[in-house]
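The lines below spell out each chain.
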Amino acid sequence: RFTAYVFAAVSMLYSTTAALAQRNTVPPLRAGDQVEFKWGSSWTPAEVVEYFETGHASLQYDWGGSKKMSRYALNDLRFPNDEGNWMLWGDASGKFRIEARFISRDATHVTLRKIDGTNVRVPIEQLSKPLQTELAKRANAVKKLRDEAPIRVGDKIEVKHFWTWYPAEVISILPTGALVSYEDGSNLIEREFKHTEMRYPNGEGPWREWSDSTGKHKVFARYITHDDTHVELLKEDKSVVRLERSKLAAKIQSELNSATLFTRRPPEVEFELAGNEGKATSTWMNFGKGAPNFTPNLISAGTAQLPQFSEGGFEFQIGMASKISLVEPIGGDQQLLAIGVHEPGSKGTTPTTLYWASIKAGKATLGPQFLADEILLAYSAAQQRLITAEVRGTWSTPVRFCSYRLAPGDKTAIAELKWSVPKTSFATASTTSKVAFLDDNRLLISYGGAVGLWNLNARRMEYVVPSSNNTMHLSPNEKFFTTDQFSRAVIVETATGKPVAMHRGGDDLSFSRDGKYLISVSHSGLYAESLTSEGESLFLGSLPRSSQNQASEFSLMSNQAWISNGSGLWHLPRQILAWTYTAASTELSLAYTSAISDKLLAVGTRGTKENASILLGVAKIPHSAPLSAIETVKDDELYVLKRGAKVRIDSSVQDLRLVDGIRRAASEAGWEFEDSSDLVITASAKLGDPVTNTYERSRFGFGQGNSDYQESITVQPWTQYVLVSQGVRQLWSDYRGGIPGMVMLQENESLQTELNKASQPRYDLFETLKFPARVIAPKYQSGLGTSRITPNGLVDELVD
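Residues numbered from 1 in each chain as written. Predicted model: local features only at pLDDT ≥ 70, side-chain atom pairs only at ≥ 80, totals over all residues. Heavy atoms only, no water.

### Considering the packing of aromatic side chains
Aromatic ring pairs are defined here through the distance separating the ring centres and the angle between the ring planes.
Okay, step 1: Tallied over the entire structure, the rule returns 21 aromatic pairs.
Okay, step 2: Taking the centre distance of 5.4 Å and the plane angle of 80° together, the rings of Phe271 and Trp454 count as edge-to-face. In this pair, Phe271 is assigned in the loop between helix H2 (250–258) and strand E19 (312–319) and Trp454 in strand E30 (residues 450–455), connecting sequence segments 183 residues apart. Taken individually, Phe271 and Trp454 each receive the classification buried, so the pair is uniform in this respect.
Okay, step 3: Geometrically, the ring pair formed by Trp671 and Phe771 is stacked, given 4.5 Å between the ring centres and 25° between the ring planes. Residue Trp671 is located in the loop between helix H5 (656–669) and strand E49 (672–673), and its partner Phe771 is located in the loop between helix H7 (764–767) and strand E55 (775–776); the two are separated by 100 residues in the primary sequence. Across this residue pair, the class does not change: Trp671 and Phe771 are buried.
Okay, step 4: Among the aromatic residues, those joined into a cluster by ring pairs are Phe37, Trp39, Tyr61, Trp63 and Tyr72.
Okay, step 5: Positioned above the aromatic ring of Phe193 is the side chain of Arg191, whose terminal nitrogen or guanidinium carbon lies 4.4 Å from the ring centre. (Phe/Tyr/Trp six-rings, centres within 6.5 Å; stacked < 30°, edge-to-face > 60°. Helix = DSSP H or I, 4+ residues; strand = E, 2+ residues; numbered from the N terminus. Buried < 20%, exposed > 50% of the residue type's maximum accessible area, 1.4 Å probe, protein only. Lys NZ or Arg CZ within 6 Å of the ring centre and 35° of its normal.)

### Considering helix H3 (residues 624–632)
Okay, step 1: Those residues of H3 that fall on the buried side of the exposure criterion are Ala625, Pro626, Ala629 and Ile630. Buried residues along H3 cover an arc of 125° about the axis, so they all sit on one side. Exposed residues lying more than 90 degrees from the buried face of H3 are Ser624, Glu631 and Thr632.
Okay, step 2: Taken together, the buried residues of H3 touch strand E41 (562–564), strand E42 (568–571), strand E43 (576–583) and strand E57 (793–798). (Arc of directions from axis to C-beta. Contact = heavy atoms within 4.5 Å.)

### A look at the sheet that holds E41
Okay, step 1: In spatial order, the strands read E40-E41-E42-E43-E56-E57; together these 6 strands make up an open sheet with mixed pairing. Since the sheet does not close on itself, it has two edges, and those belong to strand E40 (555–556) and E57, each with one partner.
Okay, step 2: Sitting on the sheet, H3 touches E41, E42, E43 and E57, and the angle it makes with E43 is about 150°. (Pairing = 2+ DSSP bridges. Axes fitted to C-alpha atoms, helices over the stretch in contact; angles between N-to-C directions.)

### Looking at the environment of Leu179
Okay, step 1: Counting through the fold element by element, Leu179 comes out in strand E12 (residues 177–184).
Okay, step 2: With residues up to four places along the chain from it excluded, the contact list for Leu179 reads Glu169, Val170, Ile171, Ser172, Leu174, Glu190, Arg191 and Glu192.

### Points about the pairing of strand E9 (residues 119–123)
Okay, step 1: Inspection of the sheet shows strand E8 (residues 109–114) paired to E9 by 5 bridges, in the antiparallel sense. Across the sheet, residue Leu112 finds its bridge partner in E9, namely Val120.
Okay, step 2: Hairpin connection from E8 to E9: 4 residues lie between these consecutive antiparallel strands, with Gly117 at a positive phi of about 95°.

### Looking at the pattern of salt bridges
Okay, step 1: Enumeration according to the criterion identifies 37 salt bridges in this entry.
Okay, step 2: Note that Arg242 is salt-bridged to Asp227, the shortest N-O span being 3.5 Å. Taken together, the residues Arg242 in strand E18 (residues 240–244) and Asp227 in the loop between strand E16 (218–226) and strand E17 (230–235) connect sequence positions 15 residues apart.
Okay, step 3: Between Arg405 and Glu416 there is a salt bridge, with its nearest N and O atoms 3.2 Å apart. Taken together, the residues Arg405 in strand E26 (residues 397–405) and Glu416 in strand E27 (residues 414–420) connect sequence positions 11 residues apart.
Okay, step 4: What makes Arg405 partly exposed here is its relative accessible area of 31%. (Salt bridge = Lys/Arg side-chain N within 4 Å of Asp/Glu carboxyl O.)

### Some words on the nonpolar core
Okay, step 1: The biggest cluster of nonpolar side chains holds 55 residues, and the ones touching the most others in it are Leu641, Trp671, Val722, Phe766, Leu769 and Phe771.
Okay, step 2: Sort the elements by how many residues they give to this core and H5 lands first, with 6 residues.
Okay, step 3: Core analysis: the second largest hydrophobic core is formed by 21 residues, Ala378, Val421, Val435 and Leu443 among them. (Core = buried A, V, L, I, M, F, W, Y, C linked by side-chain atoms within 4.5 Å.)

### So, the sheet that holds strand E22 (residues 352–358)
Okay, step 1: Pairing within the open sheet is antiparallel, and its 4 strands lie in the order E20-E21-E22-E23. Of all the strands in the sheet, just strand E20 (323–331) and strand E23 (363–370) have a single pairing partner and so form its edges. Put simply, the sheet's adjacent strands are angled 20° from each other on average, direction ignored.
Okay, step 2: Across 6 bridges, E22 lies against E23 in antiparallel orientation. Within E23, the position partnered with Ser358 by the bridge is Lys363.

### Quick word on unusual backbone geometry
Okay, step 1: In this chain, Ile621 is followed by Pro622 through a cis amide linkage whose omega measures -5°.
Okay, step 2: With respect to the element layout, Pro622 can be found in the loop between strand E46 (612–620) and H3.
Okay, step 3: Despite not being glycine, Lys238 shows a phi value in the positive range, around 75°.
Okay, step 4: Under the relative-accessibility criterion, Lys238 is labelled exposed at 57%.
Okay, step 5: The phi torsion at Gln384 lies on the positive side, around 50°, for a residue other than glycine.
Okay, step 6: Gln384 sits in the partly exposed class, given a relative accessible area of 37%.

Here it is, written out as structure tokens:
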């Protein structure tokens with residue numbers, strides 16, 4: 001295909017074997033020859049040890065720092081620099097012959113290497129006629145190769161090594177490719193690549209012949225770009241010409257009609273960095289610890305105008321199966337959503353595409369298209385700016401960020417800036433990136449274990465802060481954002497990058513879209529803390545097991561009684577997960593569910609790999625099913641543990657320290673004891689099974705462990721455990737014990753002595769034991785019901 005970057009192989013009369021040889025018995029290789037053998041798609045230097053009449057040679061070469069010997073066929077061997085094999089060279093009279101190798105030639109002479117290692121220049125006109133003919137054919141073939149090759153020496157191209165494209169420069173032309181130089185990290189590498197492993201940047205095409213419809217006018221040029229009426233070409237004299245498409249040959253017009261118009265990537269620019277990126281110091285793990293604990297009076301999240309959508313939905317075709325990487329609700333008169341898709345996997349060739357989907361019109365229009373190794377990250381209608389990531393490798397690691405300018409609904413994008421992703425040494429090297437838009441020219445971007453504030457106008461990174469999992473949530477008024485710091489979250493002032501509060505309720509902390517609640521997600525469930533009512537903190541129960549996007553933003557429903565993130569619906573007065581939303585079957589793969597005001601937005605894909613489509617829909621929530629369920633299911637049925645619950649202590653619990661702790665905690669929770677109850681409390685405090693851990697020394701907790709120092713320690717830890725169950729169902733439990741995975745030691749302290757402390761008896765769990773005020777019955781722990789999202793709308797299922 002015209003835009004597939006396939007460089008057609010150019011045939012030529014050339015071979016690194018004895019192409020110029022007359023009939024003779026001279027072996028093509030000799031012991032001591034410095035040659036190259038083919039290993040995969042690369043050539044490795046070696047020395048010939050022995051040549052065999054079977055057409056094989058025994059070679060010695062370096063392999064991993066040691067010498068290795070192997071046998072290779074002559075077809076997999078060559079001399080470097082297009083030099084020839086050993087053969088007989090004769091003059092025109094036929095009286096003189098010499099064993100030599102072809103080294104090079106110019107217009108009048110050929111340079112040969114004799115057996116004694118010296119070179120000799122021989123006039124071509126003195127050689128035998130067959131040799132002169134073959135040399136002329138070779139010279140013509142080389143000229144033809146250079147003239148008609150799809151690449152040129154000095155061209156700036158990109159080469160594909162495994163599944164990563166690297167910028168490169170062509171050094172020399174070869175029959176099926178080129179020798180190029182490229183940088184991989186800090187290494188400058190020269191290597192041969194095939195035509196199929198090369199491409200020009202920005203979707204540009206190779207050198208080829210272009211002709212008009214009459215065939216009289218031709219030009220050898222390279223494709224740059226095209227629009228509806230013209231094609232732009234680069235000529236051999238480096239000038240650029242625009243030709244009318246309607247005047248070109250019919251075949252070329254057909255190619256252009258089926259070609260993808262790729263958005264040209266921006267020119268790369270340098271940004272002034274913040275100064276502390278890439279540095280993991282002793283403050284890295286302590287970021288935010290000096291800030292006060294969060295209280296509602298510390299911050300004000302403000303409010304933001306939310307886009308409005310009416311109920312409805314539709315489906316549109318996208319062709320090849322793609323992954324949805326971007327869904328941005330825009331709203332406006334057409335109730336637009338920006339949807340970005342790309343082909344997953346490092347071998348993808350399908351263009352990355354932006355679609356504009358209109359809920360009002362019930363259709364989608366095609367926006368700009370990008371190269372397959374570019375992923376759409378975020379779009380802002382206010383800034384009229386799209387942010388993408390150029391990715392590399394199997395894990396699609398971002399290597400450059402790109403910005404483009406375009407208004408909602410635009411078919412093309414204007415390239416703005418491209419800049420390299422800084423290397424960091426913070427908590428992770430996660431490939432996930434998130435983007436938040438601030439004013440006209442500033443962005444928050446999370447990447448590689450950090451969150452950075454980028455000023456695009458000034459081309460400067462204003463600050464960078466560590467983030468252990470790249471999470472980042474911006475407040476509606478843009479004055480604060482949250483990020484994760486291991487088992488806690490930090491609230492950061494956007495203007496300065498300074499931590500203003502620390503939150504220990506969970507490492508995923510976000511603001512509700514209306515700015516009234518701070519939502520924290522932890523292993524125990526969901527918490528909502530009011531930013532307007534002092535001291536109001538609500539435990540809302542568990543998270544949906546089938547949650548599509550637990551880290552999505554939460555929205556307070558218009559009647560103030562419900563809150564949702566699109567996968568779950570929580571009832572604030574009763575503080576429970578009341579309803580869930582999930583895909584109806586494997587036919588529909590949900591990529592995005594979100595709640596905005598009182599609407600649920602869902603976007604998914606279905607179809608085959610060759611013919612996929614995107615479905616999107618909007619429904620009002622809470623709808624009749626959860627509203628009815630919350631009224632129907634009463635507390636007596638909903639909660640299995642609550643004030644007045646009848647419980648008993650299992651007879652196996654005899655230790656009074658355990659019994660007294662349980663009775664005290666049960667009394668505080670309002671539970672009553674009854675010997676016939678099926679709600680049973682079990683507990684233990686004892687030495688557990690022996691555990692063996694292997695530890696490696698690491699100074700200050702940074703970097704890799706030191707495998708030169710390893711010590712395996714076996715400890716029998718003291719464990720404390722309490723469980724409330726009903727039959728075979730576990731309702732609630734708490735546990736303390738085990739041995740630590742990391743130990744901080746001073747000089748000369750014994751690791752065994754420190755770990756032995758884990759074996760010491762203790763009963764602090766029962767001294768401070770607190771039972772929950774309420775525990776939901778197991779059947780209601782995932783909600784009172786589910787709405788399955790189907791192509792035809794919501795299908796409600798109540799819990800049986």
